[in-house]
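Structural features, examined
Each chain, written out:
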Amino acid sequence: MAGLITGTATAVPEQADAGGAPRKARGTRQGPGTVRAFRATPFTYATLIIVAAILTMPLVFVASIALSSDATVNTNSFTLFPSEFHWENFTRVFGTELPMGRFLINSVIISLCSVAGQMLSSGLVGYAFARLRAPGKNALFLIVIATMMIPTQITMIPQFILFRDLGWVNTYLPLIVPNFFSNAFNVFLVRQFVSRLPSQLDEAAMVDGLGFFGIYRRIMFPMLRPVLIAIGIFTLTYTWGEFMGPLIYLNDESKMPLSLGVQYITSTSSAGQSPPWNLVMVGSILLAVPMIIVYYLGQKYLYEMDISGGSAGVK
């Protein structure tokens, strides 16, 4: 044959030179569907470095304030880059009249329980919407998705009244229990992921005698690892720094998380006195660093979460 047609491009046969060695024909054009590799130039790296430096400046300034002395805080003579290195500020913050260590433990408890609830419920509900057959399933899924358009402020007061009548105010339950009922965005992620997986896996498992829960536990759950870990990262990021929920439901200082405790540092100074911004920024670093570490360790799962094709689960 004169040429081999493959998709959008036509392969041109090789020609022989005078010595008989084959050589490729010149002037071959790539078809419109050919994907060309991106080659970075020095300008590309320079642009990325400039953008990264701009985005990193606030973090550098936070570190500079956190390492400042009390005299610098009183005079507000902060510098963009650290000129002082008072590392003892990271231990002083735990020696204040506020129980910062307890705040940190409370944040860990609330965040980890919330992550466990979201991963468990989102996987089951998303799998049910993708695989189970029931009358009105699609209409119910649209209602679930529509809840994402409801502002949080509308449901804030009814939720508070409900939790107050249940006797859950000033406990961790209002901050943890709702996560065991998932949310619309996470259900959408899991449902889209599962719907792209081959249904022959379910059929083969049913032939072997597995039910829907057995199929989910033995087959689907291992494949859902990328999307479930991504959901865990999203949930951890939100709950670790959540401020409004603990402010509404928690009254005792011993039950407050770190996000609320950092705010309390600014309110402990005397009237007319500048807040201890160096300790406030130390608390801010304690809020930011764990999230940076979690993202660094889990970024490969975020990249593998291909909700358009669902191929990450079968690699």
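Attention here is on the structure that accompanies the text. The model shown is predicted, which means the values in this text are computed figures rather than measured ones.

What follows is about a nonpolar patch on the surface. Side chains of Leu120, Leu124, Val125, Phe180, Phe181 and Phe213 sit close together on the surface and give an oily, nonpolar patch of about 600 Å² of accessible area. Counting residues per element, the nonpolar patch draws most heavily on helix α4 (residues 100–131), which supplies three residues. Topologically, phenylalanine 213 is positioned in helix α10 (residues 212–223).

With that settled, consider the packing of aromatic side chains. Following the criterion strictly, the structure yields eight aromatic pairs and no others. Centre to centre, the rings of tryptophan 87 and phenylalanine 90 are 6.2 Å apart; their planes meet at 25°, and the pair counts as stacked. Measuring from ring centre to ring centre gives 6.0 Å for tyrosine 216 and phenylalanine 221, while their planes differ by 65°; the resulting arrangement is edge-to-face. Of the residues examined, tyrosine 216 reaches a relative accessible area of 6% and is grouped as buried. Given a relative accessible area of 44%, phenylalanine 221 falls into the partly exposed group. One aromatic cluster in this structure is built from Phe160, Phe163, Trp168 and Tyr249. Here arginine 191 stacks its cationic end above the ring of phenylalanine 141, 4.5 Å away from the centre of that ring.

To continue, consider the pattern of salt bridges. Applying the stated rule across the entire model yields four salt bridges. Between arginine 131 and aspartate 202 there is a salt bridge, with its nearest N and O atoms 3.1 Å apart. You can see arginine 131 sitting in helix α4 and its partner aspartate 202 sitting in helix α9 (residues 200–207), a full 71 residues away along the chain. Like arginine 131, the residue aspartate 202 is buried in the burial classification. Here lysine 255 ties to aspartate 252 by a salt bridge, and the two come within 4.0 Å at their closest N and O atoms. Judged by its relative accessible area of 26%, lysine 255 is partly exposed.

Cut-off values and rules
- Residues numbered from 1 in each chain as written.
- Predicted model: local features only at pLDDT ≥ 70, side-chain atom pairs only at ≥ 80, totals over all residues.
- Heavy atoms only, no water.
- Patch = residues over 30% accessible without salt bridge, like charges linked within 9 Å, V, L, I, M, F, W, Y side chains within 5 Å.
- Areas by Shrake-Rupley, 256 points an atom, 1.4 Å probe, with all protein chains shown as cover.
- Salt bridge = Lys/Arg side-chain N within 4 Å of Asp/Glu carboxyl O.
- Helix = DSSP H or I, 4+ residues; strand = E, 2+ residues; numbered from the N terminus.
- Phe/Tyr/Trp six-rings, centres within 6.5 Å; stacked < 30°, edge-to-face > 60°.
- Buried < 20%, exposed > 50% of the residue type's maximum accessible area, 1.4 Å probe, protein only.
- Lys NZ or Arg CZ within 6 Å of the ring centre and 35° of its normal.

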